[in-house]
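Secondary and tertiary structure notes
Next come the chains, spelled out residue by residue.
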Amino acid sequence: MKEIKHFINGEYVGSASGKLFDNVNPANGEVIARIHEAGEAEVDAAVKAARAALKGPWGKMSVAERTEILHRVAAGITARFDEFLEAECQDTGKPKSLASHIDIPRGAANFSVFADLVKNVPTEAFEMATPDGSGALNYGVRRPKGVIGVISPWNLPLLLMTWKVGPALACGNTVVVKPSEETPSTTALLGEVMNAAGVPAGVYNVVHGFGGNSAGAFLTAHPDVDGITFTGETGTGETIMRAAAKGVRQVSLELGGKNAGIVFADADLDKAIEGTLRSAFANCGQVCLGTERVYVQRPIFDAFVARLKAGAEALVIGEPNDPKANFGPLVSHKHREKVLSYYQKAKDEGATIVTGGGVPDMPQHLAGGAWVQPTIWTGLKDDSPVVTEEIFGPCCHIRPFDTEEEAIELANSLPYGLASAIWTENASRAHRVAGRIEAGIVWVNSWFLRDLRTAFGGAKQSGIGREGGVHSLEFYTELKNICVKL
Ligand SMILES: NC(=O)C1=CN([C@@H]2O[C@H](COP(=O)(O)OP(=O)(O)OC[C@H]3O[C@@H](n4cnc5c(N)ncnc54)[C@H](O)[C@@H]3O)[C@@H](O)[C@H]2O)C=CC1
Ligand SMILES: O=C(O)/C=C/C=C(\O)C(=O)O
């Protein structure tokens, strides 16, 4: 059986404890590999390697040299596209048709985009008057923050891990990554690409394991980690913030959501249906930006529900290699238990189940997979947990509204504030409503349309900080002001 080891100081190493755990393919329930679980010793070795690399060749490189290497990393991912695709789809069960368009290309782009960005970013300068008349000049320089701890989730494993590692390395930091225990493979494979691209040993390190009382907690508690970036559940974000408080380390947190889609009666219905189908069901609903609450203006409510139902029922459920499949399993049986508990709750609370609500019949060879049906409900109260809590599954609740004011109030009614999608052909309304939605990201007549130069992150309990474009520099560098008296 294949073993997945840590990547420390440029080498793959096993755990001294000999502790390993299973890596399971959620499409069929088969164990595909055994993963080494890091103890404190491995985490400490990884952090030490990262610190040494920062003081060594990586820290001494010019921006031009560093960014040239990062372009080679991007090219290395692209050159081994099929291996990354296979590994990602085995870990997550997601359709190759999806991962080949989103996950793997973004894994490469996250290095090339930030390599280009740091070469071209300007700095600030202020001339000032002084009492003696000679003046002074202030200018800012950015320096790497140091050793960055990266805790990444399982829903878009390569995409979200490189979304952090790309800018971190472009800014001259070194990293220790703890990928999700569910999806370690592409993070592990990236070590080979780093070596081949000439990334010095110790710049990119990977430790595997779980969160609490395991590699995740050991990494976030390590006193020699200078900053921690995390994507995942809000509760986990709070735990990580507490760990980071010791030693006053900065955090960048992209946390949970319960995002609202608002469909006005003047929307282009074809566009709104296509976008909402993606925002509710893409990646089996396991996207933090996804729409689990849909508010539809009353005159088009029935038509919208009927068309979304037809679209959900036309999704093709299947394994990653099935070229027709556009809907895969959930990431694990543990996560399926959570999602199905909400399906049950919706039933218990008297929801109208428009479609789905259970587990699909799958052929024998996929019967061990973590499958659920795409599900749509109507008729639940606004305070139902199904409507207020992040389910992170392929499901949404649709509710009618009458006025613009009511829609805004409903959208803003929860403590989350990650993303929202507004569907209307009235540009004035689009601007007006978008400006009042309490979220870090608002799409108008689109969903998941991403320009990597833009600010990305959540308001309220959906996170702290913004990453993307120059905003990533705020977290991955220290801005130092130098004041020169002339
Ligand atoms: N992108 C997102 O917004 C994601 C949201 N979730 C949500 O979180 C729920 C639970 O899923 P989990 O996989 O348990 O998510 P999680 O947020 O707990 O895990 C994400 C990462 O954090 C690590 N982690 C967990 N506890 C930690 C700790 N105490 N210290 C350091 N690292 C820690 C995990 O090992 C994993 O690498 C899901 O049902 C979903 O609602 C899960 C994954 C991604
Ligand atoms: O950066 C992106 O394009 C996508 C981000 C998605 C998440 O952060 C998520 O699903 O957790």
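Relevant structure appears above.
Quick look at the structure, then. Within each chain, residue numbers correspond to sequence positions counted from 1 in written order. Here every chain gets a letter starting at A, and every ligand a number starting at 1, in the order they are written. Two thresholds apply to this predicted model, a pLDDT of at least 70 for residue-level local features and 80 or more for giving and counting side-chain atom pairs, whereas whole-chain, interface and lining totals are computed over all residues. Just so you know, side-chain values use all the structure's heavy atoms and leave hydrogens and water out.

1. Some thoughts on the sheet that holds strand 4 (residues 20-25)
Backbone-to-backbone hydrogen bonds pair the strands of a sheet. The strands run either parallel or antiparallel. Should DSSP find at least two bridges between two strands, the strands are regarded as paired. Working definition: helices are DSSP H or I runs of at least four residues, strands are E runs of at least two. Numbering for both runs from the N terminus. Ordered in space as 1-5-4, the three strands form an open sheet in which the pairing is mixed. Looking at which strands have only one partner, the edges of the open sheet turn out to be strand 1 (3-4) and strand 4. In the sheet, strand 4 pairs with strand 5 (residues 30-36) via six bridges, with the strands oriented antiparallel. Paired with aspartate 22 across the two strands is arginine 34, which belongs to strand 5. Whether two residues touch is decided by their heavy atoms; if any such pair falls within 4.5 Å, the residues are in contact. Helix axes are fitted to C-alpha atoms over the stretch in contact, other axes to C-alpha atoms as well, and angles between N-to-C directions run from 0 to 180 degrees. Against the sheet, helix 4 (residues 81-92) engages strand 4 and strand 5, with an angle of about 95 degrees to strand 4.

2. Comments concerning the site of ligand 1
Proximity is defined per residue: if any heavy atom of the residue lies within 4 Å of a molecule or strand, that residue is considered near it. Around ligand 1 there are 26 residues in total, and Trp154, Lys178, Glu181, Glu233 and Lys338 lie nearest to it. Residue glutamate 181 places a side-chain N or O atom 2.6 Å away from an oxygen atom belonging to ligand 1. Glutamate 233 has a polar backbone atom sitting 2.8 Å from an oxygen atom of ligand 1. Calculation on ligand 1 without its partners gives an accessible area of 790 Å², and the protein chains cover 89% of this total. In this structure the site holding ligand 1 corresponds to the largest pocket. Elements that contribute at least two residues to the shell around ligand 1 include exactly helix 9 (215-221), strand 11 (227-231), helix 10 (234-245) and helix 13 (333-348). Three categories are distinguished: nonpolar for Ala, Val, Leu, Ile, Met, Phe, Trp, Tyr, Cys and Pro, charged for Asp, Glu, Lys and Arg, and polar for the others, with Gly belonging to the last. Tallied by class, the residues present in the shell around ligand 1 amount to 10 nonpolar, 11 polar and five charged. As annotated, the domain borders come from an automatic or database domain assignment. Both domains that furnish three or more residues to the shell around ligand 1 are identified here as domain 1 (3-255 + 462-485) and domain 2 (259-451). For this analysis, a polar contact is any N or O atom pair within 3.5 Å, provided that within protein one partner can donate a hydrogen and the other can accept it, and provided that sequence-adjacent residues contribute only side-chain to side-chain pairs. The Shrake-Rupley method, run with a 1.4 Å probe, gives the accessible areas here. Residue values count only the displayed protein chains as cover. For each structure, a 1 Å grid was placed over the protein atoms alone; sets of points admitting a 1.4 Å probe that cannot get out are labelled cavities, open sets with protein on both sides within 12 Å along at least five of seven lines are labelled pockets, and lining residues have an atom within 4 Å of a point. More than half of a molecule's atoms lying within 2 Å of a cavity's or pocket's grid points is what places that molecule inside it.

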